[in-house]
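These are the residues of each chain, in order.
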Amino acid sequence: MSVKGEPTIFRYILVAFVILALDQWTKWLVVHKMDLYQTIPLWEDVFHITSHRNRGAAFGILENQQWLFILVTVLVVVGILVYLVRLKKSQPLLSWSLALILGGALGNLLDRIRWGEVVDFLDFRWIHYPIFNVADSSIVVGVGIMLLYTLRQPEEKEEPLAKGAEDL
């Protein structure tokens, strides 16, 4: 039970699944409506939808290491779920960041399991950034929120040593 106005874990899980659904729907559109490497300029030389596949991690590193990515992602997903269950209700910002990371991790995990690669399509050309997807965006925003949360937390004060403990 939660106090009125206090988010429960189910809200965070729901957000993760909404992100997962949006990610998978947009990837389905790209896979079924575009040829591989086809590009659709939405704003010439600035932003395109480009059908691309990534068999590696961010920026294509560790290409063709799908089982490693699947194993690490499953461990991350389990860790996030355990942490969300145990997280104090006084830390909703951290919980929201974990929900975003969870949704993105699940989206890319599904791609790796189904296709052995991740479908990317968001192509910002004016900054020459690697092509990415909704799941990647969710992970980046979630990590950004987590960093802000961490930076905003007051430093924990060290407990003074018990009398005589300094001799140990």
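For the structure itself, consult the block above.
Rules behind the numbers
- Residues numbered from 1 in each chain as written.
- Predicted model: local features only at pLDDT ≥ 70, side-chain atom pairs only at ≥ 80, totals over all residues.
- Heavy atoms only, no water.
- Pairing = 2+ DSSP bridges.
- Helix = DSSP H or I, 4+ residues; strand = E, 2+ residues; numbered from the N terminus.
- Axes fitted to C-alpha atoms, helices over the stretch in contact; angles between N-to-C directions.
- Phe/Tyr/Trp six-rings, centres within 6.5 Å; stacked < 30°, edge-to-face > 60°.
- Buried < 20%, exposed > 50% of the residue type's maximum accessible area, 1.4 Å probe, protein only.
- Contact = heavy atoms within 4.5 Å.
- Salt bridge = Lys/Arg side-chain N within 4 Å of Asp/Glu carboxyl O.

Chemist: So what exactly am I meant to see when it comes to the sheet that holds strand β1 (residues 39-43) here?
Modeler: Strand pairs in the sheet, formed through backbone hydrogen bonds, run parallel or antiparallel to each other. Pairing is antiparallel in the open sheet, where three strands are placed in the order β1-β2-β3. What marks the edges here is a single partner per strand, and that holds for β1 and β3 (118-124). Sheet twist, expressed as the mean angle between neighbouring strand axes with direction ignored, is 30 degrees. Pairing of strand β2 (residues 47-54) with β3, which is carried by six bridges, proceeds in the antiparallel orientation. Each residue of the ladder has a partner; that of F47, found in β3, is F124.

Chemist: What's the story with the packing of aromatic side chains in this structure? I'm lost.
Modeler: For any two aromatic rings, the description comes down to two numbers: the centre-to-centre distance and the angle of the planes. Inspection of every chain in the model, using the stated rule, returns four aromatic pairs. Geometrically, the ring pair formed by F124 and F132 is stacked, given 5.9 Å between the ring centres and 15 degrees between the ring planes. Judged by relative accessible area, which is 16%, F132 ranks as buried. With a centroid separation of 5.8 Å and an interplanar angle of 85 degrees, the aromatic rings of Y129 and F132 are classed as edge-to-face. Taken together, F47, F124, Y129 and F132 form an aromatic cluster joined through their ring pairs.

Chemist: I tried to follow the packing of helix α1 (residues 9-33) against helix α4 (residues 134-152) on my own but got confused; where do I start?
Modeler: For any two helices packed against each other, the geometry is given by the interaxial angle and the distance between the axes. At a minimum axis distance of 8 Å, the contact between α1 and α4 shows a crossing angle of 145 degrees. Only V134, A135 and S138 of α4 make contact with α1, whose side of the interface consists of I19, L22, D23, T26 and K27.

Chemist: Just checking my understanding: could you explain the pattern of salt bridges for this structure?
Modeler: Side chains that carry opposite charge are capable of pairing whenever their charged atoms lie near each other. Applying the stated rule across the entire model yields four salt bridges. K27 is the partner of D23 in a salt bridge, and the nearest nitrogen-oxygen pair spans 2.8 Å. Of this pair, D23 and K27 both sit in helix α1, four residues apart, which is roughly one turn of the helix. For the residue pair D23 and K27, the accessibility class agrees, reading buried in each case. Between E117 and R55 there is a salt bridge whose closest N-O contact spans 3.7 Å.

Chemist: Honestly, the pairing of β2 in this entry has me stumped. Any pointers?
Modeler: Moving residue by residue along a regular strand, the side chains alternate between the two faces of the sheet. For β2, the tally of buried residues reaches seven of eight residues, placing the bulk of the element in the interior. The pairing of β1 with β2 spans four bridges and is classified as antiparallel. Directly across from W43, in β2, lies its bridge partner F47. Following β1, the chain reverses through three residues before pairing antiparallel with β2; D45 in that reversal takes a positive phi of roughly 65 degrees.

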